Amino acid sequence: MDRVTSTAPGPPPDPRTLRPRLPSPVQEVEDAAFTRHGVRLLLKRDDLIHPELPGNKWRKLAPNLRTAAAAGERALLTFGGAYSNHLRATAAAGRLLGFATIGVVRGDELAGAPLNWSLARCAADGMRLHFIDRARYRQRADPEVLAELHDRFGAFRLIPEGGSNALAAQGCTELGRELRGAADTVAVACGTGGTLAGLAAGLGPGQRALGFPVLKGGRPHFLQETVEELQRAAFGGPRGDWRLEDRFHCGGYARRTPELDAFAAAFEDRHGLPLERIYVAKLLYGLTTLAEEGAFAPGSTVAAVITGTPERTPAASADRGP
């Protein structure tokens, strides 16, 4: 009953038919926190790549979709929390390109409850939702768990939580290439590390990538190790000059503080740019704090990657996932 069809008639789906806006535009903004220290601030508007697959979701998903299509695979299975941006993007990609999609959702207690707005959007885009308990979810990469999913759903292309794998990192190198020569420091918010791994690899000599984790994290240096592993898988070893700045997660994933909210509201008022709160607001909050601390040399240029747009429907829960 739960098995999905892994092949479909017709030509293989091609993400390029969706006409992404690439390269994404770069916007310079005059912000006092930067200008009074002699620093230029650029916004890399990846949120404008595609209305349903914005930002790093496009860059990470597109190479996975192309590889699946070339292999004749027509079903995608991935993982996420109840309000996962990645689940919504994968479901939208499936609808737009003709892939069957399966979303494995953290929290079996959600199975009998009405769908929240985020999961309802996934379902409306044709995604089959499968709820598992949290302990099992933590074991999602185990061969036994994956075998059970294959038994239940048939053949599928596996895309990890958040979409971060070697293909995703390779896809994000184009982001770095688009910014070569444009900035001394290029900053991005980090969930699962794939965007930072590729961005750093794509930048040119003398440029530095700066990642702002939005998760509080468990054991120390977990995300550092994850990015290193992604670069080994994607490129065979370390690439680029990058580091993490972990002071601005504001308590953890989807957590907010009064200071963050006040900053985001003020930035929106000054520049007319609505800020997505989980990733983008924390990124700009962190960059602004660093600028005020004198972390960027006078005469230098900082670029912030705007990876997503604000949620169109507010969530009522903090149980989210990348």
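Definitions and limits used
- Residues numbered from 1 in each chain as written.
- Predicted model: local features only at pLDDT ≥ 70, side-chain atom pairs only at ≥ 80, totals over all residues.
- Heavy atoms only, no water.
- Helix = DSSP H or I, 4+ residues; strand = E, 2+ residues; numbered from the N terminus.
- Contact = heavy atoms within 4.5 Å.
- Salt bridge = Lys/Arg side-chain N within 4 Å of Asp/Glu carboxyl O.
- Buried < 20%, exposed > 50% of the residue type's maximum accessible area, 1.4 Å probe, protein only.
- pLDDT = per-residue confidence, 0-100.

Caption draft 1: Summary view of the environment of Ala291. Positionally, Ala291 belongs in helix H11 (residues 280–292). Taking the C-alpha atoms as reference points, Ala291 and Ala303, 12 residues apart in sequence, are found 12 Å from one another. Once residues within four sequence positions are removed from consideration, Ala291 is found in contact with Ala33, Phe34, His37 and Phe296.

Caption draft 2: Quick peek at the pattern of salt bridges. What the rule picks out here adds up to 22 salt bridges. For Asp14, the salt bridge is made with Arg16, and the minimal N-O distance between the two is 2.8 Å. Looking at Asp14, the relative accessible area reads 21%, which means it is partly exposed. One salt bridge in this structure joins Arg40 and Glu28, with 3.0 Å as the shortest N-O distance. Of this pair, Arg40 sits in strand E2 (residues 40–44) while Glu28 sits in strand E1 (residues 26–29), and the two are 12 residues apart along the sequence. Classification of Arg40 as partly exposed rests on a relative accessible area of 37%.

Caption draft 3: Spotlight on the confidence of the model for the protein. In this model, the protein carries an average pLDDT of 92, and 92% of its residues clear a pLDDT of 70 or more. Below a pLDDT of 50 lies the segment residues 313–320, which in the model reaches 23 contacts outside its immediate sequence neighbourhood of four places, other chains included.

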